[in-house]
Structure formats: structure tokens, C-alpha cells
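Summary of structural features
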Amino acid sequence: MTHGFRIGVQLQPQHAPDYGLIRDAVLRSEDAGVDIVFTWDHFYPLYGNPDGAHFECWTMLAAFAEQTERVEIGALVSGGGYRNPDLLADMARTVDHISGGRLILGIGAGWFEKDYDEYGYEFGTAGHRLKLLGETLSRISARLDKLNPAPTRHIPILIGGGGERKTLRLVAEYADVWHSFADLDALRHKSQVLAEHCAAVGREPARIERSVAWPGPEAAQDFLDAGVTLFTVGTGGPDYDLSTVMEALRWRSDRLPEPIEGLA
């Protein structure tokens, strides 16, 4: 697998009291030329009014699938403890079919305690959530192999996180994309740790795409040189300002004029 240089947008489903604002942002993002439209999987806003307007992730992804034609879609990222893993695999397979094979299954261990407490999930310790993530990934993989009809393609799995002992081991075993929250120096170090985990499980590190939040045009080249090929800009409601997305797209067009294919 080879990875092109791609730009994503994370349309954070917060502070948009009218879903039409999100629908419009999805349309504007695809028309602008982004490669992936992400949302996030939380139940409350992460900044601004903590009790502000908010919408649920996976029902929106099905709507994104119907609304769009070209972009890949996904969560950056789903909480591993929020849903039964077999059900989540079935949901992902269904959105994969609705979209015609454009879903990326983003998943992580979860960290926002309010999501768990308010919706009745066990928050537990970080170790507990990471153990659950490993079990979830195993069950998702097994369920995807059993579903009828099967997914339209191998659904790419994106894992977010950077814990060197557990999370990166799961990345080595299961991920097609690794989304890192680390700064540049830490990213370089963690990439070496990931390579060691890949060697232990018999995978080529180059088969795992590196993903980070858009660091701005001044720093982006350094991340690109470090192996990152997916940059994502986050924006929230109600306005869903895409000016930074356009900045990232202009930066890309100066280096890579041709559009990039997805992970199919």
C-alpha cells in the first residue's frame, strides 16, 4: 500500500442547533476538495458551553454517506467503550455499503469522562479502557469476516493515540492509519517504537499511514518529512469556518497538484 498526501476536515458536531448547518459544512468541504470528512464521537461539546447543542456520530455518518459522492468519511475517533463491538462492526459495514466503500473506521480507547458518566458506561482506568480497546478490535475484525453481505472493501481502521506499550502495539496489529497527537519530536520517537511493534507482529511499518492534526503551513513540511501523509483540520459549529481547511488545501496544491485516491 502506498499513501498519498491527503487533507481531511473534522466537522465537530457541537454548537450547531440546526443539523442543516452540519449538512451544509459537509457539502462545502467536499466541494472545496478535501479527501476525508471526519466527525468525532462524543456526546457533549468538548469546548465552549459544555451543555451546548450536540449530535451523535454514527447516525450522522450514515447521512454523510448519502450526501457525499467522493470523500471518505469516518470518526476521528469512536470511543471503544461506547458500543457493543459486534454491533459497531455491523454499523460500520452498513455505512460502508451506503457510501459505496468510503468509510474509515476510526477508534480509540476513549478519554472524556463525562461521555461515560452521563450515558452509563464504565469509565474505569486508562488501563481498563486500553484492554477493552484490544478486545473491541479483535471482535470487530471477527464480526466483519462473518457479516452478510460482506463489506465492499477492507474497511480501513484508524487508531488514535500514542501510548508506547499498549496503544502502539494495537496500531501495529490492527491499524491501517495511526493518528498521533504528539509533537514532531515525539512523533519521530513513537514512529520508531511503532516500527519495533510491527517487527514483533510481522507487519511492515510503511503499511500504516501516519495522521496528525494540521500543524500550519510553517510546520507541515517537517511532519511530511517525518512520514505524515494525512493532515486534518478541526472546526466546530455553528459557523464551520473552512478558512484553515482552504489554507491546508492551498499548501497541498503547491506540492501535489493531482488529487489523491483513498485507501481502497
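The structure under discussion appears in the preceding block.
Read on for an overview of the structure. (Residues numbered from 1 in each chain as written. Predicted model: local features only at pLDDT ≥ 70, side-chain atom pairs only at ≥ 80, totals over all residues. Heavy atoms only, no water.)

Let us look at the pairing of strand β8 (residues 209-213). Where burial is concerned, most of β8 is hidden: four out of the five residues are buried. Here strand β7 (residues 177-179) pairs with β8 via three bridges, running parallel. Within the sheet, the bridge partner assigned to His179 lies in β8 and is Ser211. Once you follow β7 into helix α7 (residues 184-201) and on to β8, the crossover reads as right-handed. Here β8 runs beside strand β9 (residues 228-236); their pairing, made up of four bridges, is parallel. Bridge pairing links Arg210 to Val228 in β9. (Buried < 20%, exposed > 50% of the residue type's maximum accessible area, 1.4 Å probe, protein only. Helix = DSSP H or I, 4+ residues; strand = E, 2+ residues; numbered from the N terminus. Pairing = 2+ DSSP bridges. Right-handed = clockwise from strand over helix to strand, strands pointing away.)

Turning to the side chain of Thr136, a few remarks are in order. The residue Thr136 is located in helix α5 (residues 126-144) in this model. Setting aside residues up to four positions removed in sequence, Thr136 forms contacts with Gly80, Pro85 and Ile107. (Contact = heavy atoms within 4.5 Å.)

Next up on the list: the layout of surface pockets. Computed from the structure, the largest pocket encloses a volume of approximately 550 Å³. Lining the largest pocket we find 30 residues, and of these Val77, Trp111, Gly160, Gly161 and Phe181 sit closest to its centre. Contributions of two or more residues to the lining of the largest pocket are made by β1 (6-12), β4 (78-79), α5 and β9. Tallied by class, residues from the lining of the largest pocket come to 13 nonpolar, 15 polar and two charged. (1 Å grid on protein atoms, 1.4 Å probe; cavity = no way out; pocket = protein on both sides within 12 Å on 5 of 7 lines; lining within 4 Å. Points joined across faces, edges and corners; volume = space filled by probe spheres on them. Nonpolar A, V, L, I, M, F, W, Y, C, P; charged D, E, K, R; others polar.)

Position of Arg129 among the secondary structure elements: in helix α5. This buried residue, Arg129, is left without a salt bridge; Glu113 holds the nearest opposite charge, at 7.3 Å. (Lys, Arg positive; Asp, Glu negative; His and termini not counted. Salt bridge = Lys/Arg side-chain N within 4 Å of Asp/Glu carboxyl O.)

Looking now at the packing of aromatic side chains. A full pass over the atoms with the stated rule returns 14 aromatic pairs. Consider the rings of Trp111 and Phe112, whose centres lie 5.4 Å apart with planes at 50 degrees: the pair is tilted. Look at Phe112 and you get buried, because its relative accessible area is 17%. By way of ring pairs, the aromatic residues Phe43, Tyr44, Tyr82, Tyr116, Tyr119, Tyr121 and Phe123 are connected into one cluster. The lysine or arginine in question, Lys114, covers the ring of Tyr44, its NZ or CZ lying 4.2 Å from the ring centre. Positioned over the ring face of Phe123 is Arg129, at 4.0 Å from the centre of the ring. (Phe/Tyr/Trp six-rings, centres within 6.5 Å; stacked < 30°, edge-to-face > 60°. Lys NZ or Arg CZ within 6 Å of the ring centre and 35° of its normal.)

Relative to the assigned elements, Pro149 resides in the loop between α5 and β6 (157-160). Pro149 gets classed as partly exposed once you look at its relative accessible area, which sits at 45%. The sequence separation of Pro149 and Val228 amounts to 79 residues, and the corresponding C-alpha distance is 34 Å. When neighbours within four sequence positions are excluded, Pro149 is seen to be in contact with Arg93 and His97.

Now for the packing of helix α6 (residues 167-174) against α7. Where α6 meets α7, the closest approach of the two axes is 8 Å, and the angle between their N-to-C directions is 55 degrees. Judged by the angle between their axes, α6 and α7 are oblique. Here α6 and α7 pass one another in a crossing that is right-handed. Residues Leu168, Arg169, Val171, Ala172 and Glu173 of α6 form the contact with α7, whose own contacting residues are Lys190, Val193, Leu194, His197, Cys198, Ala200 and Val201. (Axes fitted to C-alpha atoms, helices over the stretch in contact; angles between N-to-C directions. Parallel < 35°, antiparallel > 145°, perpendicular 65-115°, else oblique. Left-handed = near helix turned anticlockwise from the far one by under 90°.)

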